[in-house]
Amino acid sequence: DDIANSCSFQDYAALFAELVDQKNASLRDELFHCYAQTVQELRANAKQEFDVLCNAYGVREKLANVDALCREHGITDADINAASKPEGTLADGEMPLAAARAQRIAAKEAEKKVLLEMLEQSQAMRAEKQALVDERRALVNESVKHCAPADAVLEGVHEASTRWINA
């Protein structure tokens, strides 16, 4: 649209100032008509070629996949509109890859924070369970100490029984 509107009839006529007189007016008008028709044909051809390329490279399917991924990850039009505001734009001289890298780093930092919190919780649970195991181990060891004297008594009874059978 910008190409067709970029040159009005007055602008075109100014380019051919020598064709301003009455006898050349029809030639000027015909040339402008050819120009306008050429621009219209170029626009139609460009649109057709664009559609062919979009079909050849599966652009519709790829855009549908992007939309599906956005829905899957909860990215809404509001998120996109917020990103298009000045605070969501690239800084002067910032490259898109650098901006994407910065976003990935921020996401990884947030993930690291969540994982550290999970680690702390796991370590606290492990410490509690280890304390419980140590407490029960101590109870078992105490029970074994009480069983040791009974073992010595039973050993004497066993020896006496063995002698009585063998006698």
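Scroll up for the structure.
Model, not experiment: these values are computed from the prediction.

Just checking my understanding: could you explain the overall build of the protein for this structure?
Assigned secondary structure in the protein consists of 6 helices and 0 strands. The secondary structure elements of the protein, listed N-terminal to C-terminal, are α-α-α-α-α-α. Accessible area for the protein stands at about 14600 Å²; split by element, carbon and sulfur atoms hold 60% of it.

So what exactly am I meant to see when it comes to helix 3 (residues 25-56) here?
The periodicity of an α-helix, 3.6 residues per turn, causes residues three or four positions apart to be oriented the same way. Compared with an ideal rise of 1.5 Å per residue, which puts 32 residues at 46 Å, helix 3 spans 46 Å between its outermost C-alpha atoms and is within 8% of the ideal. Of the positions making up helix 3, those classed as buried are Ala25, Arg28, Phe32, Val39 and Cys54. Positive phi shows up at Gly58, right after helix 3, with a value of about 65 degrees.

What am I meant to see in the packing of aromatic side chains here?
Both the distance between ring centres and the angle between the ring planes are used here to describe each pair of aromatic rings. Following the criterion strictly, the structure yields 1 aromatic pair and no others. Between the aromatic rings of Phe32 and Tyr35, the centroid separation amounts to 5.9 Å while the plane-to-plane angle is 40 degrees, which identifies the pairing as tilted. Taken together, the positions of Phe32 and Tyr35, both in helix 3 and 3 residues apart, correspond to about one turn of that helix. Given a relative accessible area of 23%, Tyr35 falls into the partly exposed group.

Help me understand helix 4 (residues 59-72), please; the structure alone is not making it clear to me.
Along its 14 residues, helix 4 runs 20 Å from first to last C-alpha, staying within 8% of the 20 Å computed at 1.5 Å per residue. Taken from the residues just after helix 4, Gly74 is the one with a positive phi, measuring 75 degrees.

I'm lost on a nonpolar patch on the surface in this one. Help?
A cluster of nonpolar side chains, namely Val114, Leu115 and Met118, defines an oily patch on the protein surface of about 280 Å² accessible area. Residue position: Leu115 is located in helix 6 (residues 96-166). Since its relative accessible area comes to 47%, Leu115 is described here as partly exposed.

Help me understand the pattern of salt bridges, please; the structure alone is not making it clear to me.
Note on pairing: side chains with opposite charge can pair once their charged atoms come close. Using the criterion set out here, one finds 3 salt bridges in the structure. Taking the shortest distance from any N to any O, the salt bridge between Glu111 and Lys108 comes out at 3.6 Å. Linking Glu111 with Lys108, this pair stays in helix 6, spanning 3 residues, or about one helical turn. Judged by its relative accessible area of 55%, Lys108 is exposed. Asp134 is paired through a salt bridge with Arg137; the nearest N and O atoms lie 3.8 Å apart. Taken as a pair, Asp134 and Arg137 lie in helix 6 at a separation of 3 residues, close to a single helical turn.

Here is what the cut-offs are and how they apply
- Residues numbered from 1 in each chain as written.
- Predicted model: local features only at pLDDT ≥ 70, side-chain atom pairs only at ≥ 80, totals over all residues.
- Heavy atoms only, no water.
- Helix = DSSP H or I, 4+ residues; strand = E, 2+ residues; numbered from the N terminus.
- Areas by Shrake-Rupley, 256 points an atom, 1.4 Å probe, with all protein chains shown as cover.
- Expected span 1.5 Å × (residues − 1).
- Buried < 20%, exposed > 50% of the residue type's maximum accessible area, 1.4 Å probe, protein only.
- Phe/Tyr/Trp six-rings, centres within 6.5 Å; stacked < 30°, edge-to-face > 60°.
- Patch = residues over 30% accessible without salt bridge, like charges linked within 9 Å, V, L, I, M, F, W, Y side chains within 5 Å.
- Salt bridge = Lys/Arg side-chain N within 4 Å of Asp/Glu carboxyl O.

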